[in-house]
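# Observations on the model geometry
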There are 2 protein chains.
Amino acid sequence: MKGLLFQQGRLRLARDLPEPSPPADEVVVHVRLAGVCATDLEIAKGYMGFEGVLGHEFVGTVEAPERGALHGSRVVGGINCPCGVCERCREGMPFHCPARTVLGILGRQGAFAERIALPAANLVRVPDGVPDEEAVFAEPLAAVLRMEEQNPFAPRDRVAVVGDGRLGLLAAGVGLVKGWRLALVGKHPERLDLLPGRPPFFPPGGAPASSFDIAVDCSGSPGGFAEALRLLKPQGRLVLKTTVALREGADLNRIVIDEIRVIGSRCGPMDQAVAFLAEGRFKPSVLTTARFPLSKGLDAFSAAQNPGQIKVLLDTAG
Amino acid sequence: MKGLLFQQGRLRLARDLPEPSPPADEVVVHVRLAGVCATDLEIAKGYMGFEGVLGHEFVGTVEAPERGALHGSRVVGGINCPCGVCERCREGMPFHCPARTVLGILGRQGAFAERIALPAANLVRVPDGVPDEEAVFAEPLAAVLRMEEQNPFAPRDRVAVVGDGRLGLLAAGVGLVKGWRLALVGKHPERLDLLPGRPPFFPPGGAPASSFDIAVDCSGSPGGFAEALRLLKPQGRLVLKTTVALREGADLNRIVIDEIRVIGSRCGPMDQAVAFLAEGRFKPSVLTTARFPLSKGLDAFSAAQNPGQIKVLLDTAG
């Protein structure tokens, strides 16, 4: 089968990938649509030590086993595959299982291919009313919902989302639907048109210092952490969503002096993400700016690195 | 009066300091004993932009006003003097009042002098059973207690205290009394003899990675943050107690990937600190390794920078 393979420091389209042949508790999913995320770009730069097929945001159809309960269902899937028996798993932290594999990121072939294997337990059915073009956003949407799963925001909290790229706009869209007292910090004011509301918009450095209770760093840029820190009131909360190779200019002493809480936040609840999409109050597909067939996957990666693009999709039909 | 003055980048003993002449809501305290802290050393290196009399850990006797309720009382005092009317103060964060002064740190003459002024509301009476030599530790002790004021530790939490200097040993002593499942990371195993118990002791890099629920960085050293981060389990909590001019080798991406919470923590409840001292289950005076008269204050600062010293006191009687 076809797939986008990162190997020996190089990304290429492979046409002879082995078909997945999973163990009994896993199923084979035919990938319908997949999304390119900042993590994929980082992996393709060689920053994360992964070799294999990339991709972890997808919607697909269950192909095998043929007699399984999910056969034929349209699904999205959680990307973490824990061992289920270790201390972390028993402590209720399966996403932090040290023996886990992660779809397209760690020890498991990813979704920029015609088919993938995942544990049946990871899959969530997509309701008929949610088209593929929305469902493909379930994974990053779950990551946004993770923030409030960790610590609910209070109604009076002023929230700054730092970054108006893929994840920042998704977080802003979610926040507007949920009634956050939101401001967006970014470089593309024209992107406000994509959101279900018009939050205040500031360029980096433009919003008043020490004026937010919560700042979410979705910037994926070296300076995002420092900007989020600058925006926070004392005792404020900095939610760190993105990994970047370097961080610039952040004075960690401000964390002590102003008693800031920095909360790392990663993968979230896929079932809640699907439920959010089914509500239809914010349609993430407005963030899709390009769609390529899998056979043009290298072009998709080039496009995704262009700051003018927001979400780039891969369509395995082509 | 005499005092240790930091001015124009230089610390000196001044003999002609003006006596404090405070407003009506403040009192004059004769300083009996004062403690040198890492923050004083940082200020004396010019890192914090403060000029004036240093010192913020003290025990003293209220001298004026003569008809005040506290006259003649032996007291310790909170170091933050908020405005009381701004948004932060009204929100219940007076320690973060942007107009605050801080004893010997920000806009207010400090306790390495014969007398200081502080708001009466900041003072806590010291019970007769608590000698000056213990009471002088009330301020850093309150800072240790602040950690659980922010977020109580659970009985099953494994806690690593990183740093076996002044603050680390104080935190370890408190933790042993409170029943924390404690380990100490440091460079001076012989200092375990000072503690009310024998916790496991590791050199930096020596304790198993990802094995603690809570890590407290009391190191005051550039590598302490990275060591604390290394020790934490996923979803663990890193309490940051010390400010340092630089930090080395910390990979902030681990905060995201392992969903670590970093909690900045500063000043704490003085009344609780005095109550802890009154219990007498851990006597911080065991950490005092040198005591100088105020007139030898420069020698005290030299001594305090020697890693062989733990707590250095200044006695205003001399």
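Given the structure is predicted, the values throughout are model-derived calculations rather than measurements.

## Some details on the side chain of Lys311 of chain B
Residues and elements named next belong to chain B.
- Residue position: Lys311 is located in strand β19 (residues 311-315).
- When its relative accessible area of 4% is taken as the criterion, Lys311 is described as buried.
- If near-sequence neighbours (up to four positions away) are discounted, Lys311 is found in contact with Gly35, Val36, Cys37, Glu57, Phe137, Arg166, Leu287, Thr288, Thr289 and Ala290.

## Points about the state of the cysteines
- Inspection of the entire model under this criterion finds zero disulfides over all chains.
- In this structure Cys97 of chain A is not part of a disulfide, and its nearest cysteine sulfur, from Cys83 of chain A, lies 3.6 Å away.
- Unpaired in terms of disulfides, Cys89 of chain B finds its nearest cysteine sulfur in Cys86 of chain B, a separation of 3.8 Å.

## Here we look at the relation of the copies chain B and chain A
- Between chain B and chain A, which share one sequence, the superposing operator has a rotation angle of 180° and an axial displacement of 0.0 Å; the RMSD is 0.0 Å. These values place the two chain copies in the arrangement generated by a two-fold rotation axis. Among all C-alpha atoms of chain B, that of Val262 of chain B lies closest to the rotation axis, at 2.4 Å.
- Of the residues that chain B buries at the interface, 100% are likewise interface residues in chain A, meaning the two copies contact each other through the same surface.

## Comments concerning the interface of chain B and chain A
- Counting from both sides, the interface comprises 36 residues of chain B and, opposite them, 36 residues of chain A.
- Between chain B and chain A, roughly 2,900 Å² of surface is buried when both sides are summed, and carbon and sulfur atoms account for 55% of that area.
- Summed over the shared surface of chain B and chain A, the result is eight salt bridges.
- With a closest N to O distance of 2.7 Å, Arg146 of chain A and Glu259 of chain B form a salt bridge.
- If you look at where chain B meets chain A, you find 17 residue pairs in polar contact (both at pLDDT 80 or more).
- For the side of chain B that touches chain A, the secondary structure elements donating two or more residues are α2 (87-90), α4 (138-150), β16 (232-240), α7 (253-257) and β17 (261-264) of chain B.
- Along the lines of polarity and charge, the residues of the side of chain B that touches chain A split into 14 nonpolar, nine polar and 13 charged.
- Sheet topology note: the strand β17 (residues 261-264) of chain A/β17 of chain B ladder contains three bridges and is antiparallel. Within the sheet, the bridge partner assigned to Ile263 of chain A lies in β17 of chain B and is Arg261 of chain B.

Cut-offs applied
Residues numbered from 1 in each chain as written. Chains lettered and ligands numbered in written order. Predicted model: local features only at pLDDT ≥ 70, side-chain atom pairs only at ≥ 80, totals over all residues. Heavy atoms only, no water. Helix = DSSP H or I, 4+ residues; strand = E, 2+ residues; numbered from the N terminus. Buried < 20%, exposed > 50% of the residue type's maximum accessible area, 1.4 Å probe, protein only. Contact = heavy atoms within 4.5 Å. Disulfide = S-S within 2.5 Å. Least-squares fit on C-alpha atoms with pLDDT ≥ 70 in both. Buried area = accessible area lost by both parts, 1.4 Å probe. Salt bridge = Lys/Arg side-chain N within 4 Å of Asp/Glu carboxyl O. Polar contact = N/O pair within 3.5 Å; in protein donor to acceptor, adjacent residues only side chain to side chain. Nonpolar A, V, L, I, M, F, W, Y, C, P; charged D, E, K, R; others polar. Pairing = 2+ DSSP bridges.

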